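One letter stands for each residue in the lines below.
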Amino acid sequence: IGDHVAGVANEPLTDADTEAARKLLLDNFIVSLWGATRPWTREIAQWTQRFAGTGASPVLGTDWCADASVAALVHGTAAHSFELDDTHDETLSHPGAPIIAAALAVAAAGDAPQADLLRAIAVGYEAMVLLGASAGGMEMVHRGFHPTSVFGSFGAATACTCLHAYSRGEAVTC
(Lines give C-alpha, C1' and ligand atoms only; values in the text may rest on other atoms or scores of the structure.)
Protein backbone atom coordinates (compact mmCIF):
# COMPACT_ATOMS: atom_id res chain seq x y z
CA ILE A 1 0.00 0.00 0.00
CA GLY A 2 2.82 2.39 0.89
CA ASP A 3 4.60 1.98 -2.43
CA HIS A 4 1.34 2.45 -4.33
CA VAL A 5 0.41 5.56 -2.37
CA ALA A 6 3.89 7.04 -2.85
CA GLY A 7 3.56 6.41 -6.57
CA VAL A 8 0.23 8.23 -6.66
CA ALA A 9 1.68 11.08 -4.59
CA ASN A 10 4.46 11.66 -7.08
CA GLU A 11 2.22 11.96 -10.14
CA PRO A 12 0.12 14.98 -11.08
CA LEU A 13 -3.64 14.63 -10.72
CA THR A 14 -5.73 14.04 -13.81
CA ASP A 15 -8.34 16.66 -14.64
CA ALA A 16 -11.04 14.29 -13.35
CA ASP A 17 -9.18 13.75 -10.07
CA THR A 18 -8.69 17.50 -9.63
CA GLU A 19 -12.40 18.09 -10.16
CA ALA A 20 -13.27 15.30 -7.69
CA ALA A 21 -10.93 16.79 -5.07
CA ARG A 22 -12.50 20.22 -5.57
CA LYS A 23 -15.98 18.77 -5.07
CA LEU A 24 -14.86 16.97 -1.91
CA LEU A 25 -13.37 20.23 -0.64
CA LEU A 26 -16.61 22.10 -1.37
CA ASP A 27 -18.68 19.41 0.35
CA ASN A 28 -16.40 19.55 3.37
CA PHE A 29 -16.61 23.33 3.45
CA ILE A 30 -20.41 23.35 3.46
CA VAL A 31 -20.70 20.62 6.09
CA SER A 32 -18.03 22.29 8.23
CA LEU A 33 -19.82 25.64 8.14
CA TRP A 34 -22.93 23.98 9.54
CA GLY A 35 -20.86 21.93 11.99
CA ALA A 36 -19.17 25.08 13.27
CA THR A 37 -22.54 26.19 14.66
CA ARG A 38 -22.90 23.10 16.87
CA PRO A 39 -22.32 23.64 20.60
CA TRP A 40 -19.53 21.05 20.83
CA THR A 41 -17.62 22.64 17.97
CA ARG A 42 -18.04 26.12 19.47
CA GLU A 43 -16.77 24.82 22.81
CA ILE A 44 -13.66 23.21 21.32
CA ALA A 45 -13.03 26.34 19.23
CA GLN A 46 -13.27 28.51 22.34
CA TRP A 47 -10.91 26.17 24.17
CA THR A 48 -8.30 26.74 21.43
CA GLN A 49 -8.11 30.46 22.17
CA ARG A 50 -5.26 29.65 24.57
CA PHE A 51 -3.26 28.66 21.46
CA ALA A 52 -4.02 31.84 19.51
CA GLY A 53 -0.91 33.10 17.75
CA THR A 54 1.00 29.81 17.96
CA GLY A 55 0.80 29.24 14.22
CA ALA A 56 -0.52 30.47 10.89
CA SER A 57 -3.52 28.15 10.45
CA PRO A 58 -6.93 29.83 10.80
CA VAL A 59 -9.15 28.24 13.45
CA LEU A 60 -12.65 27.69 12.03
CA GLY A 61 -15.31 29.86 13.65
CA THR A 62 -12.80 32.19 15.32
CA ASP A 63 -10.76 35.25 14.47
CA TRP A 64 -7.38 33.74 15.41
CA CYS A 65 -4.76 31.48 13.95
CA ALA A 66 -2.96 28.69 15.76
CA ASP A 67 -0.71 25.71 15.21
CA ALA A 68 -1.93 23.44 12.40
CA SER A 69 -2.79 20.66 14.86
CA VAL A 70 -5.13 22.96 16.78
CA ALA A 71 -6.83 24.29 13.64
CA ALA A 72 -7.26 20.75 12.28
CA LEU A 73 -8.88 19.62 15.52
CA VAL A 74 -11.58 22.28 15.30
CA HIS A 75 -12.17 21.84 11.58
CA GLY A 76 -12.32 18.04 11.90
CA THR A 77 -14.79 18.35 14.75
CA ALA A 78 -17.00 20.65 12.68
CA ALA A 79 -16.76 18.47 9.58
CA HIS A 80 -17.77 15.29 11.36
CA SER A 81 -20.06 16.81 13.98
CA PHE A 82 -23.25 15.39 12.54
CA GLU A 83 -22.00 12.77 10.06
CA LEU A 84 -23.24 14.70 7.05
CA ASP A 85 -19.76 14.57 5.54
CA ASP A 86 -18.65 12.36 2.67
CA THR A 87 -18.82 8.59 3.06
CA HIS A 88 -16.67 5.87 1.57
CA ASP A 89 -19.10 2.96 1.40
CA GLU A 90 -16.65 0.05 1.39
CA THR A 91 -14.88 1.17 4.56
CA LEU A 92 -17.89 2.89 6.16
CA SER A 93 -15.64 5.87 6.84
CA HIS A 94 -15.78 9.62 6.33
CA PRO A 95 -12.38 10.56 4.86
CA GLY A 96 -12.93 14.29 4.47
CA ALA A 97 -13.19 15.12 8.16
CA PRO A 98 -9.68 14.03 9.11
CA ILE A 99 -7.92 14.43 5.74
CA ILE A 100 -9.24 17.78 4.56
CA ALA A 101 -9.09 19.32 8.05
CA ALA A 102 -5.44 18.35 8.48
CA ALA A 103 -4.42 19.18 4.91
CA LEU A 104 -6.03 22.63 4.99
CA ALA A 105 -4.33 23.48 8.28
CA VAL A 106 -0.90 22.35 7.08
CA ALA A 107 -1.39 24.01 3.68
CA ALA A 108 -2.30 27.31 5.38
CA ALA A 109 0.72 27.11 7.67
CA GLY A 110 3.03 26.51 4.71
CA ASP A 111 1.22 28.73 2.19
CA ALA A 112 0.90 25.73 -0.15
CA PRO A 113 -0.37 26.20 -3.69
CA GLN A 114 -3.88 24.96 -4.43
CA ALA A 115 -2.59 22.24 -6.76
CA ASP A 116 -0.44 20.79 -3.97
CA LEU A 117 -3.37 20.91 -1.53
CA LEU A 118 -5.70 19.11 -3.93
CA ARG A 119 -3.09 16.47 -4.75
CA ALA A 120 -2.33 15.90 -1.06
CA ILE A 121 -6.04 15.49 -0.31
CA ALA A 122 -6.41 12.96 -3.13
CA VAL A 123 -3.40 10.99 -1.90
CA GLY A 124 -4.72 11.07 1.67
CA TYR A 125 -8.00 9.60 0.46
CA GLU A 126 -6.13 6.92 -1.47
CA ALA A 127 -4.15 5.92 1.61
CA MET A 128 -7.12 5.91 3.95
CA VAL A 129 -9.49 3.93 1.79
CA LEU A 130 -6.90 1.38 0.69
CA LEU A 131 -5.87 0.75 4.27
CA GLY A 132 -9.50 0.67 5.39
CA ALA A 133 -10.51 -1.71 2.61
CA SER A 134 -7.61 -4.05 3.33
CA ALA A 135 -8.48 -4.09 7.04
CA GLY A 136 -12.18 -4.59 6.36
CA GLY A 137 -14.19 -1.51 7.26
CA MET A 138 -17.33 -3.45 8.14
CA GLU A 139 -15.31 -5.75 10.39
CA MET A 140 -14.15 -2.70 12.31
CA VAL A 141 -17.75 -1.66 12.88
CA HIS A 142 -18.71 -5.15 14.06
CA ARG A 143 -15.82 -5.00 16.53
CA GLY A 144 -17.08 -1.72 17.93
CA PHE A 145 -14.71 0.71 16.22
CA HIS A 146 -15.55 3.71 14.05
CA PRO A 147 -13.51 3.35 10.83
CA THR A 148 -13.06 7.11 10.44
CA SER A 149 -11.18 7.33 13.72
CA VAL A 150 -9.16 4.18 13.02
CA PHE A 151 -8.13 4.89 9.42
CA GLY A 152 -8.47 8.68 9.29
CA SER A 153 -5.18 9.36 11.03
CA PHE A 154 -3.35 7.46 8.30
CA GLY A 155 -5.05 9.45 5.54
CA ALA A 156 -4.45 12.75 7.34
CA ALA A 157 -0.80 11.92 8.03
CA THR A 158 -0.31 10.93 4.40
CA ALA A 159 -1.81 14.19 3.12
CA CYS A 160 0.34 16.26 5.50
CA THR A 161 3.48 14.29 4.62
CA CYS A 162 2.80 15.00 0.95
CA LEU A 163 2.40 18.72 1.61
CA HIS A 164 5.70 18.84 3.47
CA ALA A 165 7.47 16.94 0.68
CA TYR A 166 5.92 19.12 -2.04
CA SER A 167 6.98 22.30 -0.22
CA ARG A 168 10.61 21.07 -0.25
CA GLY A 169 10.43 19.90 -3.86
CA GLU A 170 11.03 16.31 -2.77
CA ALA A 171 9.46 13.06 -3.89
CA VAL A 172 7.17 11.27 -1.45
CA THR A 173 8.67 7.98 -0.27
CA CYS A 174 7.51 5.32 2.11
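As a reminder, the structure under discussion sits directly above these lines.
Attention here is on the structure that accompanies the text. Since the model is a prediction, treat every value here as computed from it, not as a measurement.

1. Thoughts on the overall build of the protein
Counting its regular elements, the protein contains 8 helices and 2 strands. Listing the helices and strands of the protein from first to last along the sequence gives α-α-α-β-β-α-α-α-α-α. Here the protein has a C-alpha radius of gyration of 15 Å; the compact-globule value for 174 residues is 16 Å, and the two agree. With respect to the principal axes defined by its C-alpha atoms, the protein has extents near 40 × 40 × 25 Å. Expressed as a percentage of its 174 residues, the buried residues of the protein come to 43%. At a minimum sequence separation of 6, the contacts of the protein that also span at least 24 residues come to 67%. A total of about 8800 Å² of accessible surface is found on the protein, and carbon and sulfur atoms cover 59% of it. A gap of 7 Å separates the mean positions of the 8 positive and 19 negative side-chain charges of the protein.

2. What to know about the packing of helix H5 (residues 96-110) against helix H6 (residues 114-135)
Where H5 contacts H6, the two axes come as close as 10 Å, and the packing angle between them is 150 degrees. As H5 runs across H6, the sense of the crossing is right-handed. Seen from H5, the contacting residues are Gly-96, Pro-98, Ile-99, Ile-100, Ala-103, Leu-104 and Ala-107; seen from H6, they are Leu-117, Ile-121, Gly-124, Tyr-125 and Met-128. Residue classes in the contact of H5 with H6 are distributed as 10 nonpolar, 2 polar and no charged.

3. Digging into a nonpolar patch on the surface
Residues Leu-26, Phe-29, Ile-30 and Leu-33 make up a contiguous nonpolar surface patch of about 410 Å² in total accessible area. In this fold, Ile-30 is placed in helix H2 (residues 15-35).

4. Notes on unusual backbone geometry
Located in the positive-phi region is Leu-92, a residue other than glycine, with phi close to 55 degrees. For Leu-92, a relative accessible area of 29% corresponds to the partly exposed category. The backbone of Asp-111 shows a phi angle near 55 degrees, a positive value even though the residue is not glycine. Position of Asp-111 among the secondary structure elements: in the loop between H5 and H6.

5. Focus: the environment of Cys-65
Residue position: Cys-65 is located in strand E2 (residues 65-66). Residues Cys-65 and Ala-6 lie 59 residues apart in sequence; the distance between their C-alpha atoms is 31 Å.

6. Notes on the pattern of salt bridges
Side chains that differ in sign of charge can pair as their charged atoms come close. With the rule as written, the count across this model stands at 3 salt bridges. Of the charged contacts in the structure, one is a salt bridge between Asp-116 and Arg-119, with a shortest N-O distance of 4.0 Å. Taken together, the positions of Asp-116 and Arg-119, both in helix H6 and 3 residues apart, correspond to about one turn of that helix. Taken as a pair, Asp-116 and Arg-119 share a single burial class, namely buried.

Reading the values: the criteria
- Residues numbered from 1 in each chain as written.
- Predicted model: local features only at pLDDT ≥ 70, side-chain atom pairs only at ≥ 80, totals over all residues.
- Heavy atoms only, no water.
- Helix = DSSP H or I, 4+ residues; strand = E, 2+ residues; numbered from the N terminus.
- Rg over C-alpha atoms; globule rule 2.2 N^0.38 Å.
- Buried < 20%, exposed > 50% of the residue type's maximum accessible area, 1.4 Å probe, protein only.
- Contact = heavy atoms within 4.5 Å.
- Areas by Shrake-Rupley, 256 points an atom, 1.4 Å probe, with all protein chains shown as cover.
- Lys, Arg positive; Asp, Glu negative; His and termini not counted.
- Charge placed at Lys NZ, Arg CZ, Asp CG, Glu CD.
- Axes fitted to C-alpha atoms, helices over the stretch in contact; angles between N-to-C directions.
- Left-handed = near helix turned anticlockwise from the far one by under 90°.
- Nonpolar A, V, L, I, M, F, W, Y, C, P; charged D, E, K, R; others polar.
- Patch = residues over 30% accessible without salt bridge, like charges linked within 9 Å, V, L, I, M, F, W, Y side chains within 5 Å.
- Salt bridge = Lys/Arg side-chain N within 4 Å of Asp/Glu carboxyl O.

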